Amino acid sequence: MRFVASTMPFLRSYKMIDQKIYKPNIIEPKWQERWEKDGIYKSDIDKNRPKYYALTMLPYPSGDLHMGHWWAMAPSDARARYLRMKGYNVLFPIGFDAFGLPAENAAISRNIHPRKWTYANIEKMRKQLRSMGAMFDWRREAISSDPEYYRWTEWFFTQLHKHNLAYRKKAPVDWCPKCNTTLAREQVWGEDRHCERCNTPVIKKELEQWFFRTTSYAEELLDFSHLDWPERVRLLQTNWIGRSEGASVIFHTEQGDPLEVFTTRPDTLWGATFMVLAPEHPLVEKLTTSAQEAEVKAYIAQTLRQSEIQREATDKEKSGVFTGGYAINPVNQKRIPVWIADYVLMTYGTGAIMAVPAHDQRDFDFAIKFGLPILPVIDRTDGLTKSFVSCHSVVDGFIDAIEKTGFSYEENSEGWNFTFPVTKTDEFIQVIKEFIASKGWVEVVGSKWVFVFENEIIVWDSVEKDQQILKLCVERNADAKQYRTLMEMLWQRPFYRDALYHDGYGTMINSEEFSGTPGDLAKEKVIAWLQNQGTGKGMVNYRLRDWLISRQRYWGAPIPIIYCPEHGAVDVPEDQLPVLLPDDVEWKPTGESPLKLHPTWKNTTCPICGKPAVRETDTMDTFMCSSWYHLRYLSPHYDKGPFDPREYDYWMPVDTYTGGIEHATMHLIYTRFFHKACRDMGITKGPEPMIQLRNQGIILGEDSEKMSKSRGNVVAPDELVARYGADTVRAYLMFFARWDMGGPWSSGGIEGASRWLRRIWTFYQNLPKPGKPSIETLKNLRRKVHQTLKQVTHDYESFEFNTIISGLMELSNEMIKAGEAGAAGTKEWQEALEIFILMLAPASPHIAEELWSVLGKPYSIHQQPWPEFDPEAIIEDLITLVVQVNGKVRDRIEAPVNITDQEAKNLALQSNTIQKFLEGKEPKKVIIVPGKLVNIVL
RNA sequence: GCCGAAGUGGCGGAAUUGGCAGACGCGCACGACUCAAAAUCGUGUUCCUUCGGGAGUGAGGGUUCGAUUCCCUCCUUCGGCACCA
């Protein structure tokens, strides 16, 4: 009895038994029953009408329909209803994504069977869904945990396996210790790599698991040309798939083993001064010399341990060890050391890299830390050139001389910092040469790399020169002894830092015959050359991984595989599908599938040889179920295949798919992969499963935080429906925010929507008496009606639900005013009454049906055609001519709509208000926007 | 760090193409009805003002007769990715 005070109007209305008071709790169930009985929302194949498949993401049966479901579904339903009125044969189905962990967790904590828990929840949610008054065709309801459904989930697995798109491999996989199962990469979130469902940090486990070859479709998944999807989702998917173009280059170890690397920068090959392998790389053992063995083994052990306890995100410091082994750089035959480091991942590329420290930030950090040689091989594109001149390096008179030549500098206690364009380098060196002290040197860095000594000028253009120059420096200043490379020495001077490293595409330098190749051609030229030499080739790499689908849980579709000692992994024959889940299992979380611990379930015989064999005991990721539910809706009870091909040919593809953005890199990639794989197996047709996608935003609690039970900010739709009625909740949800944005809930706002519907109700129940309206009144009324119709039609097409309701609110305000002005009883009046209710029908279907019948119109409003606006009617005959002086609005003049520019100008100049602002001056210029505005420039 | 989106009254938000900023609603104030309250209806509501006006769409600059809208720089918030070679 929380709402005693506010339910008062309803309570009173019961007592008064007054038909004229709006009672949504009476009319809503009444119409829902009638619609159900008459079957007005049955969607059957009808080749005479254009089809429209409107799909909303299916809910998980958690047991409660929350505000997010309403926010996602109610406006989608309104739009589906609008399309139906537009003449489409609309399919708007519903079902349940009914497999999954929460059911099993409930079983563990409350000792209820997952099936019982799930189906009780479904029953409850069906009731809640019905209260929404949506046009779901319940005959097409599909539940993924029904054997008649998962029979086909298993069947799809078998098909994928037969076509080599499903495979089994041992791999380090992400494991959630709380959910006691493996997770797909997409289900691991955040910096601390936690489980998407329960937030527990995941650990790595080495397990034999089933995968789908999503990577085979990486390139095609990047093609969105057949899709009308939000840019945001396309971008998320594009980044997730992570295409990078480059080359595969084959290095060789000194012992002669090929060592393949992937690089996006083949143009930097001459700057590859060392190599780094992932600690798990197969060649590590062979490369490691006995002297380095202990260190290497310790490092490998450390990284393995680290990956289990999670690498600290704060620990960005590079680590690694030298193997003692060397490789040969194939472009210049130079011998370069091979290291191992955990910044190279075994799971990307080949698990080995060529390190180009001068042009890759990570390699640079690594080289600086371990004193490895760094050689710039790409010219800077910004021409940044720097030189620090110590006062000990030059003799008296230097600074006067350099000033005379026009160089500017910053002075500090040690000397002078120069920054100048690369074109002035020679001039700079000339002056330095003249004033260089015998125990000094001066270096130029950035766009040129030159060291000036008393007797010679040395250009730093090779790794050999690095050491040679360093030696000369040490001779002059013993402090330099501590540095292993020139770059390490230069790095100590903060002034230089921004000039030492860059990763831009500039002209190649220090690269033998390729030196001088411009940056925009460098990559392709080197790739062509590598290909010619047989040492490499162009290659594309993707960040996307294959989809790990094994789950060590009970409540999912079993993976239909039998392991035979003789024949290996054998598919369960199609006529034996589905592999049914046993009912009697132990829930205790052990880290093994409960199916594995069942005493008999896994024992079977090999379909090939008939000898004893065991079943796969893992179940499938539930994203597998949701990858094809849009197909099961077409014929949920069909038993000759996953779907009835006649239904498929009529309804597919999905025309509009609505749901949350959180699925961008999970469900929405999986379902596209699934469709394309099925297409290649001859099961589905067309390039894509869902043509148009629109995402709703998220509704937050009133405190602007995510709704959650623990926060106590959950707004329950059931309570709102009981208090205000579904029509009000629907209208308010459409009104209160942009659908694609969402935002914090406002309990005050819904009162506004409630008032509005009550006002409409009262208005239609007590229509004003006919009067003597002016022609103007009627014309204005009709204009407003048709303008609103045009706008609302447009807004339904483009998912702008909030302006649909505000437009209808405006119109209803106008209609009330027109009624007061005596418009009742005219044909314009009647038209307004009807069109308004027709436009309201998709948003608030029950009140619309009731008021439609009050108008004496035939049942059902939801089978009426959407009205067409009259282009003649929307034309204004008076415009407000805005008159500006110097861009500021100074006057507004009513003028006929067809006013000429000259007339508009005259009218503006004649206005008394404007005269005042002109102050007798002659306008310099008059800008006229026809029918809108005059701007007088003084 | 990289990529992306968004910043408009007290609040949610509106503004077809660069052309009247703040539609519609909430809230608030005042008034009507009422013994009273609720509900309902009406009026007002960006800020400042010397009542002439002036300022104003995160901040600063630019293009333009004219910028919430286009361009540049920056700030804040949110989302995604994060040693991806």
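Residues numbered from 1 in each chain as written. Chains lettered and ligands numbered in written order. Predicted model: local features only at pLDDT ≥ 70, side-chain atom pairs only at ≥ 80, totals over all residues. Heavy atoms only, no water.

Moving on: the side chain of His675. Within the secondary structure layout, His675 lies in helix H22 (residues 667-680). Reaching out from His675, the side chain makes a polar contact with the backbone oxygen of Lys685 at a distance of 3.2 Å. Filtering out sequence-adjacent residues up to four positions away, His675 remains in contact with Tyr648, Thr684, Lys685, Gly686, Pro687, Glu688 and Pro689. (Helix = DSSP H or I, 4+ residues; strand = E, 2+ residues; numbered from the N terminus. Polar contact = N/O pair within 3.5 Å; in protein donor to acceptor, adjacent residues only side chain to side chain. Contact = heavy atoms within 4.5 Å.)

What follows deals with the sheet that holds strand S21 (residues 457-459). Pairing between the strands of a sheet comes from backbone hydrogen bonds, and it takes one of two forms, parallel or antiparallel. Read across the sheet, 6 strands follow the order S17-S18-S16-S19-S20-S21 without closing on themselves; strand pairing throughout is antiparallel. Among the strands making up the open sheet, the edge pair consists of strand S17 (409-411) and S21. On average, adjacent strands in this sheet sit at an angle of 15° to one another, irrespective of strand direction. With 3 bridges connecting them, strand S20 (residues 450-452) and S21 associate as antiparallel partners. Directly across from Val450, in S21, lies its bridge partner Val459. Helix-sheet contacts for helix H13 (residues 425-435) involve strand S16 (384-390), strand S18 (415-421), strand S19 (442-446), S20 and S21, and the interaxial angle to S19 is about 165°. Sheet strands in contact with helix H14 (residues 463-476) are S20 and S21, and its direction is about 150° off that of S21. (Pairing = 2+ DSSP bridges. Axes fitted to C-alpha atoms, helices over the stretch in contact; angles between N-to-C directions.)

We now examine the sheet that holds strand S35 (residues 888-896). On the basis of which strands lie adjacent, the open sheet formed by 4 strands has the order S35-S34-S37-S36 and mixed pairing. This sheet does not close on itself; its edge strands, each paired only once, are S35 and strand S36 (925-929). Strand-to-strand twist in this sheet, taken as the mean axis angle between neighbours without regard to direction, amounts to 20°. As judged from the 8 bridges shared by strand S34 (residues 878-885) and S35, these two strands associate in the antiparallel manner. Residue pairing in the sheet places Thr880 in a bridge with Glu894 of S35. Its contacts with the sheet put helix H30 (residues 901-910) on S34, S35, S36 and strand S37 (933-937), and the angle it makes with S37 is roughly 60°.

Turning to the pattern of salt bridges, a few remarks are in order. Taken as a whole, this structure holds 54 salt bridges when the rule is applied. The partner of Lys640 in a salt bridge is Asp639, with the nearest N and O atoms 3.7 Å apart. Of the charged contacts in the structure, one is a salt bridge between Asp644 and Arg646, with a shortest N-O distance of 3.1 Å. Given a relative accessible area of 60%, Arg646 falls into the exposed group. (Salt bridge = Lys/Arg side-chain N within 4 Å of Asp/Glu carboxyl O. Buried < 20%, exposed > 50% of the residue type's maximum accessible area, 1.4 Å probe, protein only.)

Attention now moves to the packing of helix H8 (residues 231-241) against H22. Interaxial distance between H8 and H22 falls to 11 Å at its minimum, and their mutual angle equals 75°. Considered as vectors, H8 and H22 are oriented roughly perpendicular to each other. Contact with H8, carried on its side by Val233, Gln237, Trp240 and Ile241, involves Leu668, Ile669 and Arg672 of H22 and no other residues of that element. Looking at the contact of H8 with H22 residue by residue, the class counts come to 5 nonpolar, 1 polar and 1 charged. (Parallel < 35°, antiparallel > 145°, perpendicular 65-115°, else oblique. Nonpolar A, V, L, I, M, F, W, Y, C, P; charged D, E, K, R; others polar.)

Geometrically, the link from Leu577 to Pro578 is a cis peptide bond, its omega value of 0° lying close to zero. Within the element layout of this structure, Pro578 appears in the loop between strand S26 (568-571) and helix H18 (594-597). A positive phi is found at Asn111, a non-glycine position, where the angle reads about 60°. Its location among the elements puts Asn111 in the loop between helix H4 (101-110) and helix H5 (114-131). Residue Asn111 is classed as exposed on the basis of its relative accessible area, which comes to 65%.

Turning our attention to the packing of aromatic side chains. If you walk through the whole model with that rule in mind, you get 64 aromatic pairs. Judged by centre distance (5.3 Å) and plane angle (50°), the ring pair of Phe99 and Tyr150 falls under tilted. A residue pair is termed long-range when its members are at least 10 positions apart, and Phe99 in the loop between strand S3 (95-96) and H4 and Tyr150 in helix H6 (residues 147-162) qualify at 51 residues. Of the two residues examined, Phe99 and Tyr150, each falls in the buried class. An aromatic cluster of at least three residues, connected via ring pairs, comprises Phe157, Trp210, Phe212, Tyr217, Trp547, Phe623, Tyr670 and Phe673. (Phe/Tyr/Trp six-rings, centres within 6.5 Å; stacked < 30°, edge-to-face > 60°.)

Compared with the 21 Å implied by 1.5 Å per residue over 15 residues, the 21 Å span of helix H17 (residues 519-533) between its first and last C-alpha is a close match. If you check which residues of H17 are buried, you get Gly519, Ala522, Val526, Ile527, Trp529 and Leu530. The arc enclosing the buried residues of H17, seen along the axis, measures out at 165°, which places them on a common side. Projecting away from the buried face of H17 at angles above 90 degrees are the exposed residues Asp520, Glu524 and Asn532. Buried residues along H17 sit in contact with strand S10 (243-253) and strand S22 (536-542). (Expected span 1.5 Å × (residues − 1). Arc of directions from axis to C-beta.)

Counting residues in hydrophobic clusters, the biggest one holds 92 residues, and the most contacted among them are Trp70, Trp745, Trp756, Tyr764, Tyr796 and Phe836. With 10 residues, the top contributor of residues to this core is helix H3 (residues 67-85). Looking at this core, you find at least three residues from each of domain 1 (50-151 + 624-698) and domain 4 (725-863). Ranked by size, the runner-up nonpolar core spans 87 residues in total, among them Tyr53, Leu55, Leu544 and Phe643. (Core = buried A, V, L, I, M, F, W, Y, C linked by side-chain atoms within 4.5 Å. Domains from an automatic or database assignment.)

Let us now look at the state of the cysteines. For the coordinates displayed, the defined rule picks out 0 disulfides. Cys176 forms no disulfide, and the closest cysteine sulfur to it belongs to Cys198, at a distance of 3.5 Å. Given a relative accessible area of 0%, Cys176 falls into the buried group. Not engaged in a disulfide, the cysteine Cys625 finds its nearest cysteine sulfur in Cys678; these two sulfurs lie 14 Å apart. (Disulfide = S-S within 2.5 Å.)

Attention now moves to helix H23 (residues 717-724). All of the buried residues in H23 are Pro717, Leu720, Val721 and Tyr724. What you see down the axis of H23 is that its buried residues fit within an arc of 100°, all on one side. Contact partners of the buried residues in H23: helix H2 (24-38), H3, helix H24 (726-736) and helix H25 (747-765). Looking one or two residues beyond H23, the residue adopting positive phi is Gly725, at roughly 95°.

What follows concerns the environment of Arg81. On the secondary structure map, Arg81 appears in helix H3. When its relative accessible area of 2% is taken as the criterion, Arg81 is described as buried. For the pair Arg81 and Pro845, spaced 764 residues apart in the sequence, the C-alpha separation amounts to 9.0 Å. For Arg81, the side chain forms a polar contact with the side chain of Tyr41, separated by 2.8 Å.

We now examine the packing of H23 against H25. Where H23 meets H25, the axes come as close as 12 Å, and the angle between the chain directions of the two elements is 35°. Seen along the crossing, H23 lies across H25 with a hand that is right-handed. Counting all contacts with H23, which are made through Leu720, Arg723 and Tyr724, the residues of H25 involved are Ile750, Glu751 and Ser754. Of the residues belonging to the contact of H23 with H25, the class tally is 3 nonpolar, 1 polar and 2 charged. (Left-handed = near helix turned anticlockwise from the far one by under 90°.)

We now examine the domain arrangement of chain A. According to the domain assignment, chain A consists of domain 1 (50-151 + 624-698), domain 2 (245-310 + 320-374 + 520-539), domain 3 (384-501), domain 4 (725-863) and domain 5 (878-937). One C-alpha centre belongs to domain 2, the other to domain 3, and the line joining them spans 32 Å. Every contact between the two is made by 15 residues of domain 2 and, on the other side, 11 residues of domain 3. Summing the contributions of domain 2 and of domain 3, the shared interface buries around 1000 Å²; its carbon and sulfur component is 66%. Its largest share of buried area at the contact with domain 3, domain 2 owes to Phe364, Ile368 and Ile374, together 45% of the area lost on that side. Applying the counting criterion to the domain 2 and domain 3 interface returns 1 salt bridge. In this structure, Glu464 and Lys334 form a salt bridge, with 3.8 Å as the shortest nitrogen-oxygen distance. At the junction of domain 2 and domain 3, the tally comes to 3 residue pairs in polar contact (both at pLDDT 80 or more). Tallied by class, residues from the side of domain 2 that touches domain 3 come to 8 nonpolar, 4 polar and 3 charged. (Buried area = accessible area lost by both parts, 1.4 Å probe.)

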